[in-house]
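Take a look at the letters that make up each chain.
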Amino acid sequence: MIVQPRIRGFICITAHPTGCDANVKQQIDYVTERGKVENGPKKVLVIGASTGYGLAARISTAFGSDAATLGVVFERPGSAKKTGTAGWYNTAAFEKYAHQQGLYARTINGDAFSDEIKAQTIETIKNDLGQVDLVIYSLAAPRRTHPKTGQVFTSVLKPQGADITLPGVDTDKKEVTQFSLTAATDEEIDNTIAVMGGEDWQMWIDALSEAGVLADNAKTTAFTYLGPEVTHQIYWNGSIGAAKKDLDKKVLAIRESMKAIGGEAYVSVLKAVVTQSSSAIPVMPLYLSLLFKVMKEQGTHEGCIEQIAGLLHDSLYSATPITDGEGRLRADYPELAADVQSYVSEHWNTVTTESLNDVADFTGYQQEFLRLFGFGIEGVDYDQDVNPEVEIPGLIA
């Protein structure tokens, strides 16, 4: 099969197996070159391990700390007529390279919100690892079926309190335009919190703790994004922000429960990057394009792998972690630097379709978006036939 990108709105419905493999290998090479994490984790559970920050966490702990990793994903394999998801190919590539290094790497494919997947994960930890010393929670999903009530919740990307109109980029037409969004209802906000808030993270930690599979002094972290003022209306002060604020509430109880084993729990704040989730948020393509422009010029631009590797080295396993007044770990401060945000603010309301490629790095944004699905990777021949049916070596059926 010759695989080319087929884009619909903010999603690419094809993925390139060889390109995804090459993308994973580049991230592994970065982590290897950076060097080992001093006193890093050795047995790691990554919940949401197949793309973005979750994948970066799995790569960083395995190749930066020689850790055994168990990943939980929800991905679709390829068939003779259709490519699998990028997350499936990423996971297959990760496991291949981990096994080549003699590292334990297995993956559970299923709904991480369910009690069944939690139980299967616990059983696998007991049988294979005994206990884990780091739990990464990096789930991003549009809906959640509650494991106790069976109720299905759907998240929304909306502001709170009032309708808004903000500048953005129509990524199909490559035009600067205005996006108008209606305010979320109370029910929609509650549903978004149910999907993307901290309840499931707490359920995971409670289940792992009750099963006795958390090692003494274990750590856990979930990822969040705060962002600058220009994105607050749609993000931090919107429905998604309500869910992220719920993480800040839930971590307090998780932190308290972890004290019994001498453990630690953190919310980690990361910078804006191109992910399958962020590309779905109106205004983010424009914000990211402006951000890339200035941060690349400064030499401070980072993607998922640089952020997570830095988080492990500089905060999660550092004697002097970078924290804020709320006790969060912070890896996003370069994004929020005054000169960076001054540049973004200067062009936020004045950028036009004609000036887009001059004042912003929209081309860079598009390249990063395609990389998520294995396209535009150096050294990959996209005119060559590839087999879309790729096995995950350590898949647990």
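None of the values given here were measured: they were computed from a predicted structure.

Participant: Whenever I open this one, the overall build of the protein chain confuses me. Can you help?
Facilitator: The helix and strand tally for the protein chain stands at 14 helices and 14 strands. Taken over the C-alpha trace, the protein chain has a radius of gyration of 20 Å; the compact-globule value for 397 residues is 21 Å, and the two agree within 12%. Counting only C-alpha atoms and orienting by the principal axes, one finds that the protein chain spans roughly 60 × 50 × 45 Å. Within the protein chain, residue pairs in contact and separated by at least 24 positions form 77% of the contacts whose partners lie at least 6 positions apart. Element-wise, carbon and sulfur atoms account for 48% of the exposed surface of the protein chain, whose accessible area totals about 16,600 Å². Charged side chains in the protein chain number 34 positive and 51 negative. The centres of these two groups are separated by 3 Å.

Participant: How do you make sense of the pairing of strand 11 (residues 214-224) when you look at a structure like this?
Facilitator: Two faces make up the sheet, and in a regular strand the side chains alternate between them. The buried count for strand 11 comes to 9 of 11 residues, which makes it a mostly enclosed element. With 5 bridges connecting them, strand 6 (residues 132-137) and strand 11 associate as parallel partners. From the neighbouring strand, Tyr137 faces strand 11, where its bridge partner is Ala222. As paired strands, strand 11 and strand 12 (residues 264-269) are joined by 6 bridges and run parallel to one another. If you follow Phe223 over to strand 12, its bridge partner there is Ser268.

Participant: I tried to follow unusual backbone geometry on my own but got confused; where do I start?
Facilitator: Trans peptide bonds make up most of the peptide bonds, and negative phi angles are found at most residues other than glycine. The phi angle at Asn39 is positive, at roughly 60 degrees, despite the residue not being glycine. Secondary-structure assignment places Asn39 in the loop between helix 1 (17-34) and strand 3 (43-47). In this structure, Asp66 takes a positive phi of about 55 degrees despite not being glycine. The topology assignment puts Asp66 in the loop between helix 2 (52-65) and strand 4 (68-73).

Participant: Which parts of the structure should I look at to understand the packing of aromatic side chains?
Facilitator: Two aromatic rings, taken as a pair, are described by how far apart their centres are and by the angle between their planes. If you walk through the whole model with that rule in mind, you get 7 aromatic pairs. With 6.1 Å between their ring centres and 90 degrees between their planes, Phe63 and Phe94 make a pair best called edge-to-face. Pair noted here: Phe63 is in helix 2 and Phe94 is in helix 3 (residues 86-100), with a separation of 31 residues, a long-range link. Considered together, Phe63 and Phe94 belong to a single accessibility category, that of buried residues. Ring centres of Tyr137 and Trp201 lie 6.5 Å apart, and the angle between their planes is 25 degrees; on these two criteria the pair is classed as stacked. Here Tyr137, found in strand 6, pairs with Trp201, found in helix 6 (residues 199-210); they are 64 residues apart in sequence, far enough to count as distant. Neither residue differs from the other here; Tyr137 and Trp201 are each classed as buried. Over the ring of Tyr97 we find Lys25; its NZ or CZ atom is 5.9 Å from the centre of that ring.

Participant: Honestly, the nonpolar core in this entry has me stumped. Any pointers?
Facilitator: Nonpolar side chains in soluble globular proteins tend to end up buried together. Membership of the largest hydrophobic core comes to 51 residues, with the highest contact counts inside it found for Ile234, Tyr287, Leu290, Trp348 and Leu356. Those elements that place two or more of their residues in this core are helix 1, helix 3, strand 9 (164-170), strand 10 (175-181), helix 9 (284-298), helix 12 (338-348), helix 13 (356-359) and helix 14 (362-371). Of all the elements, helix 9 adds the most residues to this core, at 9 residues.

Participant: I keep staring at the sheet that holds strand 12 and nothing clicks. Help me out?
Facilitator: Whenever strands of a sheet pair, they do so through backbone hydrogen bonds, lying parallel or antiparallel. Taken together, 8 strands build an open sheet; the order of strands is 13-12-11-6-3-4-5-14 and the sheet is parallel. Only two strands of the sheet have a single neighbouring strand rather than two, namely strand 13 (329-330) and strand 14 (395-396). Bridge count for strand 5 (residues 105-109) against strand 14 is 2 bridges, and the pairing is parallel. Across the sheet, the residue bridging to Thr107 is Leu395, located in strand 14. Helix-sheet contacts for helix 4 (residues 115-129) involve strand 3, strand 4, strand 5, strand 6 and strand 14, and the interaxial angle to strand 4 is about 165 degrees. Contacting strand 3, strand 4, strand 6, strand 11 and strand 12, helix 6 crosses the sheet at an angle of about 170 degrees to strand 11.

Participant: How should the pattern of salt bridges be read in this particular structure?
Facilitator: Pairing is possible between side chains that carry opposite charge, provided their charged atoms lie close to one another. A complete count under the given rule lists 20 salt bridges for this structure. With a closest N to O distance of 2.9 Å, Asp66 and Lys36 form a salt bridge. Here Asp66, found in the loop between helix 2 and strand 4, pairs with Lys36, found in the loop between helix 1 and strand 3; they are 30 residues apart in sequence, far enough to count as distant. The salt bridge partner of Asp248 is Arg328, with a shortest N-O separation of 2.9 Å.

Participant: Just checking my understanding: could you explain the packing of helix 9 against helix 14 for this structure?
Facilitator: Each pair of packed helices can be summarised by the angle the axes make with each other and by the distance between the axes. The contact between helix 9 and helix 14 brings their axes to 8 Å, and the two run at 110 degrees. On the basis of the axis angle, helix 9 is roughly perpendicular to helix 14. On helix 14, the residues that touch Pro285, Leu288, Ser289, Phe292 and Lys296 of helix 9 are Phe362, Gly364, Tyr365 and Glu368. Across the contact of helix 9 with helix 14, the residue classes break down as 5 nonpolar, 2 polar and 2 charged.

Participant: I'm lost on the side chain of Gln341 in this one. Help?
Facilitator: Mapped onto the secondary structure, Gln341 falls in helix 12. By relative accessible area, which is 11% here, Gln341 ends up buried. A polar atom in the side chain of Gln341 sits 2.7 Å from the backbone oxygen of Glu335. Aside from chain neighbours lying at most four places away, what touches Gln341 is Pro228, Val230, Tyr287, Leu291, Glu335 and Leu336.

Thresholds, definitions, all that
Residues numbered from 1 in each chain as written. Predicted model: local features only at pLDDT ≥ 70, side-chain atom pairs only at ≥ 80, totals over all residues. Heavy atoms only, no water. Helix = DSSP H or I, 4+ residues; strand = E, 2+ residues; numbered from the N terminus. Rg over C-alpha atoms; globule rule 2.2 N^0.38 Å. Contact = heavy atoms within 4.5 Å. Areas by Shrake-Rupley, 256 points an atom, 1.4 Å probe, with all protein chains shown as cover. Lys, Arg positive; Asp, Glu negative; His and termini not counted. Charge placed at Lys NZ, Arg CZ, Asp CG, Glu CD. Buried < 20%, exposed > 50% of the residue type's maximum accessible area, 1.4 Å probe, protein only. Pairing = 2+ DSSP bridges. Phe/Tyr/Trp six-rings, centres within 6.5 Å; stacked < 30°, edge-to-face > 60°. Lys NZ or Arg CZ within 6 Å of the ring centre and 35° of its normal. Core = buried A, V, L, I, M, F, W, Y, C linked by side-chain atoms within 4.5 Å. Axes fitted to C-alpha atoms, helices over the stretch in contact; angles between N-to-C directions. Salt bridge = Lys/Arg side-chain N within 4 Å of Asp/Glu carboxyl O. Parallel < 35°, antiparallel > 145°, perpendicular 65-115°, else oblique. Nonpolar A, V, L, I, M, F, W, Y, C, P; charged D, E, K, R; others polar. Polar contact = N/O pair within 3.5 Å; in protein donor to acceptor, adjacent residues only side chain to side chain.

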